[in-house]
Amino acid sequence: MKDKQLIVNAIKNGTVIDHVPAKNLFKVITILNLDKIDSQITFGTNLESKKLGSKAIIKISDKYFLDEEINRIALVAPQAKLNIIRDYEVIEKRVVEVPDSIIGIVKCVNPKCITNKEEVKTKFSVLSKNEVSLKCYYCEKITHQDQMAIYNVNNQ
Amino acid sequence: MHNKSLVSITDYSKEEYIKILDLAAQFEQNPNQELLQGKLVATLFFEPSTRTRLSFEAAISRLGGRVIGFADVNSSSVTKGESLKDTIKMVTSYADLIVMRHPTEGAARYASEIATVPVINAGDGANQHPTQTLLDLYSIRKTQNTLENLNIVMIGDLKYGRTVHSLLMAMSNFNPTFYFISPDELKMPREYLLFLDQHKIKYFEYKEFMPIISQADIVYMTRVQKERFSDPIEYEKTKNAYVLQNAMLEHTRPNMKILHPLPRVNEINLDVDDNPKAYYFTQALNGVFVRQAIITSILGINNK
């Protein structure tokens, strides 16, 4: 029984994203466009985690990410850890880092901002990386971590 | 500055502020010059602001330039549902410079990305109004002979007032001490206090302006608007606490001047107008010279 479970869980080649806060699992899926790719994906959520309380894990077969792609999830999963798998072996471990600027992905919190009125892609500079806060390039208002809303992929 | 849009007061450095103010002083001496001959400036006012529009148009006309545009959206195709993007795309091929006022925050920055000519922000919602800030700086320097080490008292709506926020950012280059006087509901937002902390600028917060006003070099008044209060009873209680009256000016410094971005409602009593310390009407006139300086700098035209 234990062996069978391993077969489902382990991937031969690809990327494992661990330590995603359970509540942000679907945001991570959206940000990485995982609902648009053909690779096999398995994920588990509401798993016990000492660090996060409740975490999710995502395993994507035959898919590797560029730093700039994966760093986009730092907004919603700042403690995420990546294992790069080749031939069932972890060949590299990576952590995510909040980038200096964010294009798209996040909505500006200000309802009067041009990005919420016309079809303008959002742009932010990152003011703080621990407790993430973003300054809108257009309206100059600050969006704090707890106010962050993520666009659907189609709107990005 | 040449060919660069002016959207936010932080687009310019301290040196660039000084350059604009020096140039504005020259225009004050000689405001009628044919420097903009053959130049066409579009003034796009998506929301009406007679004061700002006339100031820009006076600045342009006195330099021999011409103006196209609209004074409110009812006389433009915006009412037909045209997007800002399309309006700017069309105008950018007609004019050498765009001056725009828009109710949406960030609209001017967006326009500056689309336009192939420079954009001057004449106010985008509650966000920025940089030419107002530069004329405030000009008025402060002119009345105090310096921008350095001044005591600036800001009174009224410090939460929503964009002019006080931009002035705070700009003045922070000149080692001021700020005194913020407002009701609890309209206090200076935390992000600006944080900005001052980071730049090691001294500030104090009060609810009443007596006797602090006696320390002031500059008193910057703003409107306390009824619609800003969640509780109308709170408004009724506070509205008269932030009205400046002539009798209050008795023990103020001789160099002290009162500024106000205008229009005023009742926050400065009419009996203050004749006091030599009242500077707000001259302040508005300074706007023409400052805008002449900004426009010619952006268009790369040298004042003779």
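The structure presented is a predicted model; accordingly, all values stated were derived computationally and were not measured. (Residues numbered from 1 in each chain as written. Chains lettered and ligands numbered in written order. Predicted model: local features only at pLDDT ≥ 70, side-chain atom pairs only at ≥ 80, totals over all residues.)

### Re the overall build of chain B
For clarity, the threshold we go by: Comment: elements are numbered from the N terminus, with helices defined as DSSP H or I runs of at least four residues and strands as E runs of at least two. Our radius of gyration looks at C-alpha atoms and nothing else; its globule reference is 2.2 Å times the residue count to the power 0.38. Three classes are used. A residue is buried when 20 or more other C-beta atoms lie within 10 Å of its own, exposed when 12 or fewer do, and partly exposed in between, with C-beta atoms placed from the backbone.
Each helix and strand in chain B was counted, giving nine helices and nine strands. What you see for chain B is a C-alpha radius of gyration of 19 Å, in line with the 19 Å of a compact globule of 304 residues. Expressed along its principal axes, the backbone C-alpha trace of chain B runs to roughly 55 × 45 × 40 Å. For chain B, the residues scored as buried account for 46% of the 304 residues in total.

### Thoughts on the overall build of chain A
Threshold: C-beta atoms are placed from the backbone for every residue, and two residues are taken to be in contact when these atoms lie within 7 Å.
Secondary structure assignment for chain A yields three helices and nine strands. Principal-axis analysis of the C-alpha atoms gives chain A an extent of 55 × 35 × 25 Å. In chain A, buried positions account for 31% of the 156 residues. Restricting the contact set of chain A to residue pairs at least 6 apart, pairs at least 24 apart contribute 60%.

### Points about the sheet that holds strand β8 (residues 218-221) of chain B
All names here are of chain B. Quick note on the threshold: Two strands qualify as a pair provided that DSSP identifies no fewer than 2 bridges between them. Interaxial angle, 0 to 180 degrees, is taken between N-to-C directions of lines fitted to C-alpha atoms, where a helix line uses only the stretch in contact.
Ordered in space as β7-β6-β5-β8-β9, the five strands form an open sheet in which the pairing is parallel. Each edge of the open sheet is held by one strand with a lone partner, namely β7 (202-206) and β9 (257-259). On average, each strand axis in the sheet is tilted by 20° relative to the strand beside it, whichever way the strands run. For strand β6 (residues 177-181) and β7, the ladder comprises five bridges, and the chain directions are parallel. Within the sheet, the bridge partner assigned to Tyr179 lies in β7 and is Phe204.

### A word on helix α9 (residues 280-299) of chain B
Let me state the cut-off plainly: A helix is expected to reach a length of 1.5 Å times the quantity of its residues less one.
With 20 residues, α9 of chain B extends 29 Å between its outermost C-alpha atoms, agreeing within 8% with the 28 Å of an ideal straight helix rising 1.5 Å per residue. Taken across its 20 residues, α9 of chain B has 16 buried, putting it largely inside the fold.

### Overview of the sheet that holds strand β9 (residues 142-144) of chain A
Residue and element names in this part refer to chain A. Strand order in this open sheet of four strands is β6-β7-β8-β9, and the pairing throughout is antiparallel. Looking at which strands have only one partner, the edges of the open sheet turn out to be β6 (101-103) and β9. The average undirected angle you get between the axes of adjacent strands in this sheet is 30°.

### Quick notes on the pairing of strand β5 (residues 89-95) of chain A
Residues and elements named next belong to chain A. Among the seven residues that make up β5, zero are buried, leaving the element largely open to the surroundings. Summarising the sheet, strand β4 (residues 81-86) and β5 pair through six bridges and their orientation is antiparallel. When the bridges of β5 are listed, Lys81 appears paired with Val95. Between β4 and the antiparallel strand that follows it, β5, lie two residues; Asp87 among them carries a positive phi value of about 55°.

### Some points on the domain arrangement of chain B
All names here are of chain B. Note the threshold: The split of the chain into domains comes from an automatic or database domain assignment. Residue polarity is assigned by list, with Asp, Glu, Lys and Arg as charged and Ala, Val, Leu, Ile, Met, Phe, Trp, Tyr, Cys and Pro as nonpolar; anything else, Gly included, falls into the polar class.
Considered domain by domain, chain B is made up of domain 1 (9-128 + 287-299) and domain 2 (131-283). If you look at the interface, domain 1 gives 17 residues, while domain 2 gives 15 residues. Sorting the residues of the side of domain 1 that touches domain 2 by element identifies α1 (14-29), β4 (119-124) and α9 as the ones contributing at least two each. Sort the elements by how many residues they give to the side of domain 1 that touches domain 2 and α1 lands first, with five residues. Its residues placed into classes, the side of domain 1 that touches domain 2 shows 10 nonpolar, four polar and three charged.

### Looking at the packing of helix α5 (residues 130-144) of chain B against α9 of chain B
The description of two packed helices rests on the angle between their axes and on the distance between the axes. Residues and elements named next belong to chain B. The cut-off we apply is this: Throughout, the term roughly parallel applies to angles under 35 degrees, roughly antiparallel to angles over 145, roughly perpendicular to angles from 65 to 115, and oblique to all others. Note: crossing handedness is left-handed where the near helix turns anticlockwise from the far helix by less than a right angle, and right-handed where it turns clockwise.
Axis separation between α5 and α9 bottoms out at 8 Å; the angle between their running directions is 115°. Taken together, α5 and α9 sit at an angle that is classed as roughly perpendicular. For the element pair α5 and α9, the recorded crossing hand is right-handed. Two secondary-structure elements touch here, α5 through Thr131, Leu134, Leu135, Tyr138 and Ser139 and α9 through Gln283, Asn286, Gly287, Val290, Arg291 and Ile294. Classifying every residue of the contact of α5 with α9 gives five nonpolar, five polar and one charged.

### Some thoughts on the interface of chain A and chain B
Each side of the interface is counted separately: chain A has 14 residues, and chain B has 13 residues. Partitioning the side of chain A that touches chain B into residue classes produces eight nonpolar, two polar and four charged.

### Looking at the domain arrangement of chain A
Size of an interface: often given as the accessible area lost when the parts come together. Residue and element names in this part refer to chain A. Domain parsing of chain A yields domain 1 (2-95) and domain 2 (101-155). Here the C-alpha centroids of domain 1 and domain 2 sit 25 Å apart. On the domain 2 side, the residues contacting the eight residues of domain 1 number eight residues. Partitioned by chemical class, the residues of the side of domain 1 that touches domain 2 number three nonpolar, two polar and three charged.

### Quick notes on the packing of α1 of chain B against α5 of chain B
Residues and elements named next belong to chain B. The geometry of α1 relative to α5 is characterised by a closest axis approach of 10 Å and an angle of 70° between their N-to-C directions. Compared by their axis directions, α1 and α5 come out roughly perpendicular. As for how α1 packs across α5, the hand of that crossing is right-handed. Note on element contacts: α5 touches α1 through Leu134, Leu137, Tyr138 and Arg141, opposite Tyr17, Ile20, Leu21 and Ala24. Among the residues making up the contact of α1 with α5, the classes are represented as seven nonpolar, no polar and one charged.

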